[in-house]
Amino acid sequence: MPSNAAAFLVGEAVRPLVVGPAPYPVPGPSEIVVKNGAVAINPIEWILQDHLMDFPMHYPMIMGQDLAGEVVEIGSEVSRFKVGDRVLGHGFGMLHNNNDPESAFQNYTIVSEDMAAVIGDDVSFEQASVLPLCFSTAAGGLYQKEFLNLPPPSLNPTPKGETLVIWGGASCVGSNAIQLAIASGYEVIAVASAKNADYVKKLGAVEAFDYRSETVVADIITYLKGKTIAGAFNAVKDGFDGCLEIVQASQGGKFITSVLPVPEVLPAGISSRFIVMDPPQFAKSAYVEYLAPALKQGKYIIAPKPLVIGKGLESIQAGIDRQKQGMSAEKVVISL
Ligand SMILES: NC(=O)c1ccc[n+]([C@@H]2O[C@H](COP(=O)([O-])OP(=O)(O)OC[C@H]3O[C@@H](n4cnc5c(N)ncnc54)[C@H](OP(=O)(O)O)[C@@H]3O)[C@@H](O)[C@H]2O)c1
């Protein structure tokens with residue numbers, strides 16, 4: 001059995017993470033073990049480290065959700081993968097009560113076979129590792145029944161004749177929400193800074209609106225006259241109020257899906273929820289039936305681009321610190 005090591009959070013607000021030996025994870029019947037080639041960093045890691053969120057923690061604890069690497073073991077019922085496959089995967093430990101074997105900041109991680117996909121030989125582990133958590137978050141907000149409840153993504157979507165507003169299209173979650181909504185048959189307009197307008201259009205948005213413009217909300221409402229919206233997706237910290245004004249003024253869906261907690265009281269007729277992922281509602285349709293073939297056929301852009309800032313488990317703390325400073329159409333990645 002190979003020896004494993006992890007970067008551990010050893011106490012509340014204790015830094016840096018401490019690298020040390022960790023148990024080698026044993027896969028369940030429908031799980032794979034991935035030898036991680038790269039891991040990506042998300043805001044939740046500094047939020048947990050700084051204890052800024054009420055969440056069940058244990059110490060020492062392994063954080064991390066985004067990984068890409070090589071399959072080294074498969075569970076008895078796994079049919080989609082074989083040993084040696086190069087994959088990306090969502091290590092879901094945090095959302096399984098911080099179950100360490102499923103977390104990413106270690107050399108070997110357990111991933112459910114429904115939350116992984118094979119990547120091409122031309123895709124580096126660093127590039128691939130940016131995708132999983134933000135893809136899952138976008139899928140949760142778009143497809144779960146208590147959220148926008150859109151039809152699943154397809155390689156040949158039927159146009160629905162409706163527009164989805166995505167506020168924060170250049171964020172990592174937004175980059176995936178744009179592509180998934182389009183694959184479900186929706187027109188997408190995105191709110192991003194002027195410098196990222198071309199970026200969100202490359203991902204498929206038909207129009208980009210600059211969030212720093214004083215008239216951004218009015219401009220979007222004007223653009224949407226005569227159209228029907230499917231609702232709005234708030235993918236960033238300061239996007240909710242704009243989404244609210246837009247859904248209030250536009251014809252169509254009155255639901256705002258949001259990456260962050262939403263106000264308890266909303267105007268009559270408007271509803272909203274903070275995304276809490278429930279993979280049974282989207283993993284098969286989004287990862288297995290859509291993402292895996294879409295990657296194979298080159299129909300899905302892995303975005304944003306990786307910003308590789310170090311190598312080895314010892315570099316993860318520097319990655320967390322860099323993410324905390326803020327990102328722009330990039331994602332912090334550590335090579336392992
Ligand atoms: N609920 C969940 O399960 C879940 C999961 C993942 C993430 N999240 C949360 O979702 C948020 C986004 O995470 P992420 O990793 O996708 O973020 P990120 O990629 O680090 O977000 C940075 C991007 O947001 C854009 N942005 C910032 N303020 C904006 C505004 N007011 N309007 C439009 N765009 C704006 C920036 O655009 P410019 O560079 O163009 O200015 C930048 O490209 C975080 O708050 C995170 O904690 C929640």
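Preceding block: the structure.
For clarity, every value in this text was computed on a predicted model and none was experimentally measured.

A. Quick look at the layout of surface pockets. Estimated volume of the second largest pocket: approximately 290 Å³. If you go around the second largest pocket, you meet 13 residues; those closest to its centre are Ile119, Gly120, Val123, Leu295 and Lys296. With three residues, helix 8 (residues 283-296) is the largest single contributor of residues to the lining of the second largest pocket. Of the residues assigned to the lining of the second largest pocket, the class counts are eight nonpolar, three polar and two charged.

B. Layout of empty space enclosed by the protein. Per the counting criterion, the structure on display carries one cavity of 30 Å³ or more. Volume-wise, the largest cavity comes out at about 40 Å³. Around the largest cavity, the lining residues are Ile44, Glu45, Leu48, Met61, Ile62, Met63, Gly64, Gln65, Gly93, Met94, Asn98 and Ser103. Where the lining of the largest cavity is concerned, the elements lending two or more residues are helix 1 (43-49) and strand 4 (61-62). The element contributing the most residues to the lining of the largest cavity is helix 1, with three residues. In the lining of the largest cavity, the residues fall into six nonpolar, five polar and one charged.

C. Here's a closer look at the environment of Ser154. Among the secondary structure elements, Ser154 is positioned in the loop between helix 3 (132-143) and strand 9 (163-167). Residues Ser154 and Ile301, 147 residues apart in the sequence, show an inter-C-alpha distance of 15 Å. When near neighbours in sequence (up to four residues on either side) are disregarded, Ser154 contacts Ala183 and Tyr290. Separated by 2.9 Å, the side chain of Ser154 and the backbone nitrogen of Asn156 make a polar contact.

D. Local environment of the nonpolar core. Membership of the largest hydrophobic core comes to 96 residues, with the highest contact counts inside it found for Leu88, Phe105, Phe233 and Ile316. Ranked by residue count, the leading element in this core is helix 8, at eight residues. Trp167, Val216, Phe240 and Ile256 belong to the second largest nonpolar core, which has 19 residues in total.

E. Here's a closer look at the site of the ligand. Around the ligand lies a shell of 26 residues, among which Val173, Ser193, Asn196, Tyr211 and Ser328 are the nearest. Within the side chain of Tyr211, an N or O atom sits 2.4 Å from an oxygen atom of the ligand. Side-chain polar atom of Gln323 to an oxygen atom of the ligand: 3.5 Å apart, as the coordinates give it. Protein chains bury 84% of the 950 Å² of accessible surface belonging to the ligand in isolation. For the shell around the ligand, the class distribution of residues is 16 nonpolar, seven polar and three charged. Among the domains, domain 1 (4-131 + 302-335) and domain 2 (136-274) are the pair contributing at least three residues each to the shell around the ligand.

F. Spotlight on the packing of helix 6 (residues 216-223) against helix 7 (residues 240-249). Look at helix 6 against helix 7: their axes get within 10 Å of each other, and the N-to-C directions meet at 30°. Classified by the angle between their axes, helix 6 and helix 7 sit roughly parallel to one another. Two packed elements cross with a definite hand, and for helix 6 against helix 7 that hand is right-handed. In this structure, helix 6 uses Val217, Ile220 and Ile221 to contact helix 7, whose residues at the interface are Gly242, Glu245, Ile246 and Ala249.

G. Representation of the packing of aromatic side chains. Applying the stated criterion to the full structure yields six aromatic pairs. Ring plane angle 70° and centroid distance 4.8 Å describe the contact between Phe135 and Tyr287, whose orientation is recorded as edge-to-face. Taken together, the positions of Phe135 in helix 3 and Tyr287 in helix 8 put the pair 152 residues apart, joining distant regions of the chain. On the basis of an interplanar angle of 85° and a centroid distance of 6.3 Å, the ring pair of Phe147 and Phe255 is categorised as edge-to-face. With Phe147 in the loop between helix 3 and strand 9 and Phe255 in strand 13 (residues 255-258), this residue pair connects regions lying 108 residues apart in the sequence. Using a relative accessible area of 7% as the deciding quantity, one classes Phe147 as buried. One aromatic cluster is present, built from ring pairs that chain together Phe135, Tyr287, Tyr290 and Tyr300.

The rules behind the values
- Residues numbered from 1 in each chain as written.
- Predicted model: local features only at pLDDT ≥ 70, side-chain atom pairs only at ≥ 80, totals over all residues.
- Heavy atoms only, no water.
- 1 Å grid on protein atoms, 1.4 Å probe; cavity = no way out; pocket = protein on both sides within 12 Å on 5 of 7 lines; lining within 4 Å.
- Points joined across faces, edges and corners; volume = space filled by probe spheres on them.
- Helix = DSSP H or I, 4+ residues; strand = E, 2+ residues; numbered from the N terminus.
- Nonpolar A, V, L, I, M, F, W, Y, C, P; charged D, E, K, R; others polar.
- Contact = heavy atoms within 4.5 Å.
- Polar contact = N/O pair within 3.5 Å; in protein donor to acceptor, adjacent residues only side chain to side chain.
- Core = buried A, V, L, I, M, F, W, Y, C linked by side-chain atoms within 4.5 Å.
- Buried < 20%, exposed > 50% of the residue type's maximum accessible area, 1.4 Å probe, protein only.
- Near = heavy atom within 4 Å.
- Areas by Shrake-Rupley, 256 points an atom, 1.4 Å probe, with all protein chains shown as cover.
- Domains from an automatic or database assignment.
- Axes fitted to C-alpha atoms, helices over the stretch in contact; angles between N-to-C directions.
- Parallel < 35°, antiparallel > 145°, perpendicular 65-115°, else oblique.
- Left-handed = near helix turned anticlockwise from the far one by under 90°.
- Phe/Tyr/Trp six-rings, centres within 6.5 Å; stacked < 30°, edge-to-face > 60°.

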